[in-house]
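Spelled out, the chains give:
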Amino acid sequence: MRILLSLLSFFITLSVVWAQPYGNEWIDYNQKYYKFGVAEDGIYRISYQALLSAGVPINTIAANKLQIFGKQRELPLYINDNGDNAINVGDYIEFYAEKNDGWLDSTLYDAPNDIGNPAYSLYSDTLYYFLSWTTGPTKRFLVETDANFSDYSPTSYVLDQSMINYNSRYYGGYSAYSSYSSYFSSGEGWGGSNYNGASNYSLTIPVSTPEVYTGSGAPNAVFHAKSNANSNASYSGTGNHHIRWEIGSNNFVLHDEVFSGYRQTVVDQTFSVNELSNGTTNAYFKIIGDQGAATDFQSLSYLSVKYPRMLSTTETTVEWEVLSAGSQAKTRLDITANNFSNPTAYVFGNVISRKLPLVNIGGTWQALVPNSVSGANQKLIIASSSDSKQINVLEAVNGSGDFVDYSQKNVENAYILLYNKKMQSSVSQYATYRSTPNGGAHNVIKFEINDAWMQYGGGVPKHIMGSRRGINHIYDISSAKPVAVFIAGKGISEASDPNTGSGGAPRKNAYVSSLNLVPSFGFPSSDLCI
């Protein structure tokens, strides 16, 4: 068991430095919630039978009152209820959901862009979503019906993005004398192998770039990459690191820089789409050994290329970005896709999300995308029916469907007991003792870690922001501030030692993760940073 004796000044520091929304603003504590995990991006369905099996009283709930929440916000839904506003046998809820990535991890850094690998979470690939129902308004896809394709001119291209992330090793970010801070520093996170380029090194990275559009009005492509410098050796040149990024058969130089010391290198560069090859384009991550450095260790975490592409695909599911049609009210899509089978199309605007009719006319799939309210680009998802995924298991939050509402508890002079429900029996005994005169007659507030990550931690299993935000919430709503935080349960750093193998890290090892009852903060781990 771990204890934090909390001086008033310590809590004031946390409150000021980490003042932010608590992450539970989406919860209505008068409602019931049922959780389910998602580990892949895609279109999902929840059937009547799955709802019934989970204990959802679906026969008493109007279909237009159902809700699903993920990433701390309500999702738009499409309800197939045959028009009777009730979910019956054969009916289903349909929605688009994403697996977990670094969206919440980015809040752990001084600046969100300091995250080392935005595509790979520090904690889990699985993200939990929550089904509920309300008496108020709900969010739905606007079902479009317009199929007057001849009224609009087809667009020549959409935007596609290819992403690659590396996650075999953990990197600790900035280091001084081989030591690391427990707070997250720029570049910290999971990445690929650590390459020594003191005598030159080049990594060829094949990037998928099918159906490149280079015709009239083609915009530039956009390259984004994150890498780390992981050494600070002696040198005779102008620095002890030299990085260069090149792309395409002409080895177009995207970035060339000499610098010194531990740091993250972030490259954001536009370039002519003519540098791309139709199918696969090679990017080159190079360490140039011309600075006389004893070592020049660098690693790659993430890269992406966004580019204009023609509307032809051999895939059964696509995710593209549709540009505004400008003077036209709608963008017409003419898609050549022989492998689409009974596809569903959704488009996500900044205000309105829509379900589109997709019609096959003479072998070409056609759709009309209304411009977004702001004129911004919109995300388009098209998926064949065979690619739709089923949610078969839902569980009531905390066994009852209820989140714990700490705003309704007496949290004055709280003795916060942060624990895992696996230790429920011993924790209850300890809480009882601390409440007695012999134990200090404290106002014990039990704060269970699974409830914490579900309501304060974005639905990311064991995410440290669950504990941090929840404790901060209790502090902020109390007049007489908490006197202590007692942590009951083993904590293991999610990461492995920087620049080493990762087999023993909870993030990579399910057995070790099961032993990590109450995660600590950062690497090296520190409860004081929670």
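Please refer to the structure higher up on the page.
For clarity, every value in this text was computed on a predicted model and none was experimentally measured.

Engineer: Which parts of the structure should I look at to understand the packing of aromatic side chains?
Structural biologist: Between two aromatic rings, the relevant description is the distance of the centres plus the angle of the planes. Summed over the entire model, instances satisfying the criterion amount to 32 aromatic pairs. Aromatic pair Trp26 and Tyr33: ring centres 5.7 Å apart, planes at 90 degrees, arrangement edge-to-face. Summarising the burial analysis for this pair, Trp26 and Tyr33 share the class buried. By way of ring pairs, the aromatic residues Trp26, Tyr33, Phe69, Phe130 and Phe403 are connected into one cluster. Sitting over the face of the ring of Tyr284, Lys286 holds its NZ or CZ atom 5.8 Å from the ring centroid. Lying over the aromatic face of Trp190, Lys508 brings its terminal NZ or CZ to 5.1 Å of the ring centre.

Engineer: Sorry, what's going on with the nonpolar core here?
Structural biologist: Nonpolar side chains in soluble globular proteins tend to end up buried together. One finds Phe36, Ile46, Ile68, Ile93, Phe95 and Leu131 to be the most contacted residues of the largest nonpolar core, which totals 77 residues. Top element by residues in this core is strand E32 (residues 414-419). It accounts for six residues. By size, the runner-up hydrophobic cluster in this structure holds 25 residues, among which are Leu203, Val212, Val267 and Tyr307.

Engineer: Explain the sheet that holds strand E4 (residues 66-70) to me, please; I cannot follow it from the model alone.
Structural biologist: The five strands are arranged E5-E4-E8-E2-E31 in an open sheet whose pairing can be described as antiparallel. The outermost strands of the open sheet, each flanked by one partner alone, are strand E5 (73-74) and strand E31 (395-396). In this sheet, strand E8 (residues 127-133) lies alongside strand E2 (residues 34-38) in antiparallel orientation, the contact comprising five bridges. Bridge pairing in E8 links Gly37 to Tyr128.

Engineer: Is there a simple way to explain the pairing of strand E24 (residues 330-335) in this structure?
Structural biologist: It is a general feature of regular strands that their side chains alternate between the two faces of the sheet. Counted residue by residue, E24 has five buried out of six residues, so it is predominantly covered. Here six bridges tie E24 to strand E28 (residues 364-370), and the two strands are oriented antiparallel to one another. Note on E28: the bridge partner recorded for Leu333 is Ala367.

Engineer: Looking at this structure, I do not really get helix H5 (residues 464-477). What am I missing?
Structural biologist: Taking 1.5 Å per residue, 14 residues should reach 20 Å; H5 reaches 20 Å between its end C-alpha atoms and fits that length. Judged by how many residues are buried, H5 sits mostly within the fold: twelve of 14 residues are covered. Among the residues of H5, those classed as buried are Ile464, Met465, Gly466, Ser467, Arg468, Arg469, Gly470, Ile471, Asn472, His473, Ile474 and Tyr475.

Engineer: What am I meant to see in unusual backbone geometry here?
Structural biologist: The linkage connecting Phe523 with the following residue, Pro524, adopts the cis geometry, with an omega of -5 degrees. Within the element layout of this structure, Pro524 appears in the segment after helix H6 (510-515). With a phi close to 55 degrees, Glu211 is a non-glycine residue in the positive phi region. Along the chain, the position of Glu211 falls in the loop between strand E16 (201-209) and strand E17 (221-229). Here Glu211 falls in the partly exposed class, since its relative accessible area comes to 24%.

Engineer: Can you help me understand the side chain of Asp160 in this one?
Structural biologist: For Asp160, the position within the fold is in strand E10 (residues 158-165). A distance of 2.9 Å separates the side chain of Asp160 from the side chain of Arg309, its partner in a polar contact. In contact with Asp160, other than residues within four places in its own chain, are Val305, Lys306, Tyr307, Arg309, Glu319 and Trp320.

Engineer: I would appreciate a short explanation of the sheet that holds strand E18 (residues 241-247) in the present structure.
Structural biologist: Neighbouring strands of a sheet are bound in pairs by backbone hydrogen bonds; such pairs are parallel or else antiparallel. Spatially, E16-E21-E18-E19 is the arrangement adopted by the four strands of the open sheet, whose pairing is antiparallel. Bordering the open sheet on either side are E16 and strand E19 (252-259), each of which pairs with just one other strand. Averaged over all neighbouring strand pairs, the angle between strand axes comes to 15 degrees, with direction disregarded. Two elements, E18 and E19, share seven bridges in a ladder whose sense is antiparallel.

Engineer: Got a minute to help me understand the pattern of salt bridges in this structure?
Structural biologist: Side chains carrying opposite charge are able to pair once their charged atoms draw close together. Applying the stated criterion to the full structure yields 15 salt bridges. Residues Glu144 and Arg354 are paired through a salt bridge, measuring 2.6 Å at the closest nitrogen-oxygen approach. Taken together, the residues Glu144 in the loop between strand E9 (142-143) and E10 and Arg354 in strand E26 (residues 353-356) connect sequence positions 210 residues apart. Arg244 is the partner of Glu246 in a salt bridge, and the nearest nitrogen-oxygen pair spans 3.9 Å. A relative accessible area of 6% places Glu246 in the buried class. Note on Arg244: relative accessible area 23%, which makes it partly exposed. A cluster of three or more residues bridged by salt bridges with shared partners is formed by Lys71, Glu98, Glu319 and Lys379.

Engineer: Please explain helix H3 (residues 424-435) as it appears in this structure.
Structural biologist: Residues spaced three or four apart along an α-helix point in a common direction, a consequence of the helix completing one turn every 3.6 residues. Here H3 is twelve residues long and its end C-alpha atoms lie 16 Å apart, about the 16 Å a rise of 1.5 Å per residue gives. Check the buried side of H3 and you find it contacts E32, strand E33 (443-448) and strand E34 (484-488).

Engineer: When you look at the environment of Gly401 in this model, what are you seeing that I'm missing?
Structural biologist: On the secondary structure map, Gly401 appears in the loop between E31 and E32. On the basis of relative accessibility, which here comes to 0%, the residue Gly401 falls in the buried class. For the pair Gly401 and Tyr29, spaced 372 residues apart in sequence, the C-alpha to C-alpha distance is 9.9 Å.

Engineer: Any chance you could explain the pairing of E26 here in plain terms?
Structural biologist: Burial along E26 is two-sided: the face carrying Ser353 and Lys355 and the face carrying Arg354 and Leu356 are both buried. Relative to E26, E9 runs parallel, the two sharing two bridges. Bridged to Val143 within E26 is Lys355. For strand E25 (residues 344-348) and E26, the ladder comprises four bridges, and the chain directions are antiparallel.

Engineer: How should I be thinking about the environment of Asn377 in this particular structure?
Structural biologist: With respect to the element layout, Asn377 can be found in the loop between E28 and strand E29 (378-383). Sequence separation between Asn377 and Leu323 is 54 residues, and the spatial gap between their C-alpha atoms is 4.6 Å. A distance of 2.8 Å separates polar atoms of two side chains, one belonging to Asn377 and the other to Glu321.

Conventions used here
- Residues numbered from 1 in each chain as written.
- Predicted model: local features only at pLDDT ≥ 70, side-chain atom pairs only at ≥ 80, totals over all residues.
- Heavy atoms only, no water.
- Phe/Tyr/Trp six-rings, centres within 6.5 Å; stacked < 30°, edge-to-face > 60°.
- Buried < 20%, exposed > 50% of the residue type's maximum accessible area, 1.4 Å probe, protein only.
- Lys NZ or Arg CZ within 6 Å of the ring centre and 35° of its normal.
- Core = buried A, V, L, I, M, F, W, Y, C linked by side-chain atoms within 4.5 Å.
- Helix = DSSP H or I, 4+ residues; strand = E, 2+ residues; numbered from the N terminus.
- Pairing = 2+ DSSP bridges.
- Expected span 1.5 Å × (residues − 1).
- Polar contact = N/O pair within 3.5 Å; in protein donor to acceptor, adjacent residues only side chain to side chain.
- Contact = heavy atoms within 4.5 Å.
- Axes fitted to C-alpha atoms, helices over the stretch in contact; angles between N-to-C directions.
- Salt bridge = Lys/Arg side-chain N within 4 Å of Asp/Glu carboxyl O.

Purely geometric numbers; function is a separate question.
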